[in-house]
Amino acid sequence: MKLPTDFNKILAFAARSALVNRRNVFAVFEMLFWPAIGIFSVGLLTRFLNLDAETVTFILIGAVSMNTIQIAQLDLSYALLYSVWAKSLKHEFMAPVRLTHILVGAGAVGLIRGMLVFAVMAFFSMWLFNMDLSRPGLGGLLIFLIGMFLNAAVIGALVLALVLRFGQRAEVAAWAFSYLMLLLCGLYYPVSVLPPWIGELAQIIPLTYFLEYFRHFYGFPLNYPHPLLYGFSLSVVYLCVCYALVHYTLKSALQRGTLLRLSE
Amino acid sequence: MQTAIIAQGISKSFKTGFFQPRKQVLHDVDLEVASGAIFGILGPNGAGKTTFISILATLLRPDAGQARVLGLDAVKDAGLLRERVNLAASGAHFLWCLTVEENLKFYGRLYGLGGKALRAKVEELLDLFELRPHRRVTFERLSTGLKQRLALAKALINTPELLFLDEPTTGLDPEMAGHLREEILRLNRETGLTILLTTHNLREAELLCGEVAFLKEGHLLARGTMADLQERLGLGDHLSIFFQDGVPALDYARLPGVLVHKIENNRVDLKVDRAEERLAPILAAVSRTPGQVVQVQLKEVDLTEIYHEITH
């Protein structure tokens, strides 16, 4: 591995993602408008229900997480979708790049955008709706953020695999996966209120554990023991599986001619 | 002679749908291309040209056979090979919202370039393809000709040793296509770059390629230089001699190099193996007859005839 060369390849995808975001008016909507709508509607609901500070934080941290993960996974998911839309996929894979370059490059921009969204949403939630982020301390908050970004990376990598297999049709998956995951992991409610069979599904989602971990600082009981162990273990396993899946779909795309078909 | 490409027994088929038989696109294709050559692969649409070039360019894996490009296996050594080759295709497609300069920088970085080296390469290509005035124009706002120039510039970003050009002038106006052909010739002449191009434009192949191969329905039907193919297929140049008062008596079939002859009113049509060589002795023989020559027309055999002969 030649470091400067690899750095330039990673930078290629990061710079492209950043440029597209800067030029795309919808990126502003993605980053600010929709998250703001989400936070305001949920925040106003908590005010209407006259909830205590802990419950408000419980709910609002769910809304902040949803928006952060949505944005953070988009850059990764779009890393190949941009090429599919531009019909330039074959030129990207004609170059000596590896999946790691794509994942790290586009993922870095997703991370930055996700951090920005988190900061903005957390600021509004604290300012307008009295959300309290101080209780877990900096360490707890950082662990929670890492957990969220790992989840975003899993979704992004999964969508990359789907893009390589199904092309533009996978676009909808970029949104659908995260919404489905967020529904199951107890975003606005404890997982104990889910029907038992959905509760079983919630246990295979790493975000469930990170939300549990964060919320226990506010006095909410843990439904699962060792949430961080489970959360990180599942995240690492899923990341490895998704990486292998992207690798396999790329190999399959070279066999099936998908790269050429998606470039026509 | 060094060989840039050695393809042996390349076959490729694609699935056409559930419960449908696979469509065989390439059948056992063998090909060798010398280093420093411009080699043309000709064939009608659907002949398998793009599939073949894509296999050599590491974008597609063959079902059978082996392709060695620049001494590397196109499947096993794909990563290494990609450092040394590049591709430009018809209907240039790049990210719409990036400028000419940003697109070149993006691809430059994909090949590991950075810093001063990247900036210098981008500047060089902007000059070479006269893209400097358009450097800050986004791809979606470029004309077709400029897009194609950008495609060629991108294909040279890593200073490749072998360039694949997949129908590079398709969709361009004649003037722009002419410019691009001149550029291709210049690159080959000045840098010794090996170029493998696919085209169904016979004139283009004739102008650019030292050697050509014909693909039809996935089969390689023939390959060689124009002279080779002409000789192999028994094709000749056309020589028409017009006389003042009828065609004089002469055993035209016995004239040097004459393959076929036909007399019509005041004209005799001869098909000769090499007109350049045979013209003088034929005219000398005709001048010894009482017939008065008023006009001589010469048309060299072209790829259209070779193509027609091979594909029908």
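Before reading on, note that the structure itself is shown above.
Definitions and limits used
Residues numbered from 1 in each chain as written. Chains lettered and ligands numbered in written order. Predicted model: local features only at pLDDT ≥ 70, side-chain atom pairs only at ≥ 80, totals over all residues. Axes fitted to C-alpha atoms, helices over the stretch in contact; angles between N-to-C directions. Helix = DSSP H or I, 4+ residues; strand = E, 2+ residues; numbered from the N terminus. Parallel < 35°, antiparallel > 145°, perpendicular 65-115°, else oblique. Left-handed = near helix turned anticlockwise from the far one by under 90°. Contact = placed C-beta atoms within 7 Å. Nonpolar A, V, L, I, M, F, W, Y, C, P; charged D, E, K, R; others polar. Expected span 1.5 Å × (residues − 1). Pairing = 2+ DSSP bridges. Buried ≥ 20, exposed ≤ 12 C-beta atoms within 10 Å, placed from the backbone.

### Quick word on the packing of helix 3 (residues 53–86) of chain A against helix 6 (residues 137–166) of chain A
Angle between the axes and distance between the axes: these two values describe a pair of packed helices.
Residues and elements named next belong to chain A.
Consideration 1: Between helix 3 and helix 6, the least distance of the axes is 8 Å, while the angle of their chain directions is 30°. On the basis of the axis angle, helix 3 is roughly parallel to helix 6. Two packed elements cross with a definite hand, and for helix 3 against helix 6 that hand is right-handed. When helix 3 is examined against helix 6, the residues Ser-65, Thr-68, Ile-69, Ala-72, Gln-73, Leu-76, Ser-77, Ala-79, Leu-80, Leu-81 and Val-84 are found in contact with a partner set consisting of Met-148, Phe-149, Asn-151, Ala-152, Ala-153, Ile-155, Gly-156, Ala-157, Val-159, Leu-160, Val-163 and Leu-164.
Consideration 2: Split into classes, the residues belonging to the contact of helix 3 with helix 6 amount to 17 nonpolar, 6 polar and no charged.

### Thoughts on the interface of chain A and chain B
Note on interface size: it is often stated as the accessible area lost on association of the parts.
Consideration 1: Contact residues are listed per partner, giving 30 residues for chain A and 27 residues for chain B.
Consideration 2: Those elements giving two or more residues to the side of chain A that touches chain B turn out to be helix 1 (3–23), helix 3, helix 4 (89–94), helix 10 (227–256) and helix 11 (258–261) of chain A.
Consideration 3: Of all the elements, helix 1 of chain A adds the most residues to the side of chain A that touches chain B, at 11 residues.
Consideration 4: Among the residues forming the side of chain A that touches chain B, the class breakdown is 16 nonpolar, 8 polar and 6 charged.

### Examining helix 6 (residues 174–191) of chain B
Consideration 1: For helix 6 of chain B, built from 18 residues, the straight-helix expectation of 26 Å at 1.5 Å per residue is met to within 8% by its first-to-last C-alpha distance of 25 Å.
Consideration 2: Just downstream of helix 6 of chain B lies B:Gly192, where phi reads positive at about 70°.

### Description of the sheet that holds strand 14 (residues 293–299) of chain B
Residues and elements named next belong to chain B.
Consideration 1: Pairing in this open sheet of 4 strands is antiparallel, and the strands run 12-13-11-14 from one edge to the other. For this open sheet the edge positions go to strand 12 (258–264) and strand 14, each flanked by a neighbour on one side alone. Across the sheet, the axes of successive neighbouring strands diverge by a mean angle of 15°, strand direction being ignored.
Consideration 2: With 6 bridges joining them, strand 11 (residues 237–243) and strand 13 (residues 267–272) adopt antiparallel strand pairing. Bridged to Ile-241 within strand 13 is Val-268.
Consideration 3: Taken strand by strand, helix 9 (residues 275–287) contacts strand 11, strand 13 and strand 14, and its axis lies near 25° from that of strand 11.

### With respect to the packing of helix 2 (residues 25–48) of chain A against helix 5 (residues 99–129) of chain A
Residues and elements named next belong to chain A.
Consideration 1: Helix 5 packs onto helix 2 with a crossing angle of 30° between their chain directions and a minimal axis gap of 10 Å. Overall, the two elements helix 2 and helix 5 adopt an arrangement that is roughly parallel. Relative to helix 5, the crossing made by helix 2 is right-handed. Contacts from Met-31, Leu-32, Pro-35, Ile-39, Gly-43, Thr-46 and Arg-47 in helix 2 reach Arg-113, Leu-116, Val-117, Val-120, Met-121, Phe-124, Ser-125, Leu-128 and Phe-129 in helix 5.

### Some thoughts on unusual backbone geometry
With the exception of glycine, most residues fall at negative phi, and the peptide bonds are largely trans.
Consideration 1: The phi angle at A:Asn130 is positive, at roughly 60°, despite the residue not being glycine.
Consideration 2: When you line up the elements, A:Asn130 lands in the loop between helix 5 and helix 6.
Consideration 3: Its identity is not glycine, yet B:Thr58 carries a phi of approximately 70°, on the positive side.
Consideration 4: By the element assignment, B:Thr58 lies in the loop between helix 1 (49–56) and strand 4 (64–69).
Consideration 5: Look at B:Thr58 and you get buried, because 26 C-beta atoms sit within 10 Å.

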